[in-house]
Amino acid sequence: MRGQVFMVLVVGMTAISLAWSAPTRAENEAEIAGHLIELVKIGRVIVSEQMENINDASKADKGFTGDYMANQILERFKKIRKLDLRIPNVVPQANLYLALVQSEKEVVDEAQPVINRAGISFKGFIPAVFAQRVGEQFYKKSGVRMKLTANDYRNANNKPDDFEAEVLRMFSDSRHPKGQPYVRSLMADGRPVLRMMGPEYAAPTCLVCHGAPKGEHNVAGTRKEGWKEGDFAGAISIVLPLK
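This one's a predicted model, so the numbers in the text were calculated from it and none came from an experiment.

1. Some words on unusual backbone geometry
In this structure, Pro 213 follows Ala 212 across a cis peptide bond, with omega equal to -5°. The residue Pro 213 is located in the loop between α9 (207-210) and β4 (232-241) in this model. We note that Lys 82 has phi near 60°; this positive angle belongs to a residue other than glycine. By the element assignment, Lys 82 lies in the loop between α4 (66-81) and α5 (94-110). In this structure, Asn 89 takes a positive phi of about 55° despite not being glycine. You can see Asn 89 is positioned in the loop between α4 and α5.

Here is the structure:
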């Protein structure tokens, strides 16, 4: 199965320069952006699930590899979206999706020396760090920008721009339907783009670093926000070039 996953990703990456040599057409861009956000969310959930394992100082080899990450993402995406990205060209934009999965795989593989370091509990490889690195890798492969953002951002790279700040205020409003993304086509740097943001909410695993009591230092040395499960936590922001 691992070999199969690797082969699918390699095939996808071989074709990506051809399949993504031009921006997407307007009729399916919102669906594409939504699927990309879903793939990153799945990866963040997996890292969150692995935090106890990653920070286990008593053992070296954690078994949390890039192959494991890629396999889990493909399986969970298939279950959620009913799309099996292991099937070649299952949708026209499959190679773009596989480029993102490849980026997630590479980030985990590159972090192996840190993840598998024994004798140290907190490794600093957290869902936010994972997402930032994935966004950087994916942009190099595709030209699609993706980042985490929030009102109470910790990393300067996650500071919202004007568009993101406006949408975050919308998501923070209790009248906004929970989980509903926001999408708009506009011009950026003289080019048409689609901007989509998908809201995120605090899961139980988030509360270890972001929960109560508010103001207390967490294991990373930053102050907790006092979140409760289900609280609005921020958003994944994507900028997709259009034709």
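2. Some details on the packing of α4 against α5
Close contact between α4 and α5 brings their axes to 7 Å; oriented N to C, the two are set at 145°. Helix-helix and strand crossings are classified by hand; for α4 and α5 the assignment is right-handed. Of α5, the residues touching α4 (which contributes Gly 66, Asp 67, Met 69, Ala 70, Ile 73 and Leu 74) are Leu 98, Val 101, Glu 104, Lys 105, Val 108 and Asp 109. The residue inventory of the contact of α4 with α5, partitioned by class, reads seven nonpolar, one polar and four charged.

Rules of the game
- Residues numbered from 1 in each chain as written.
- Predicted model: local features only at pLDDT ≥ 70, side-chain atom pairs only at ≥ 80, totals over all residues.
- Heavy atoms only, no water.
- Helix = DSSP H or I, 4+ residues; strand = E, 2+ residues; numbered from the N terminus.
- Axes fitted to C-alpha atoms, helices over the stretch in contact; angles between N-to-C directions.
- Left-handed = near helix turned anticlockwise from the far one by under 90°.
- Contact = heavy atoms within 4.5 Å.
- Nonpolar A, V, L, I, M, F, W, Y, C, P; charged D, E, K, R; others polar.

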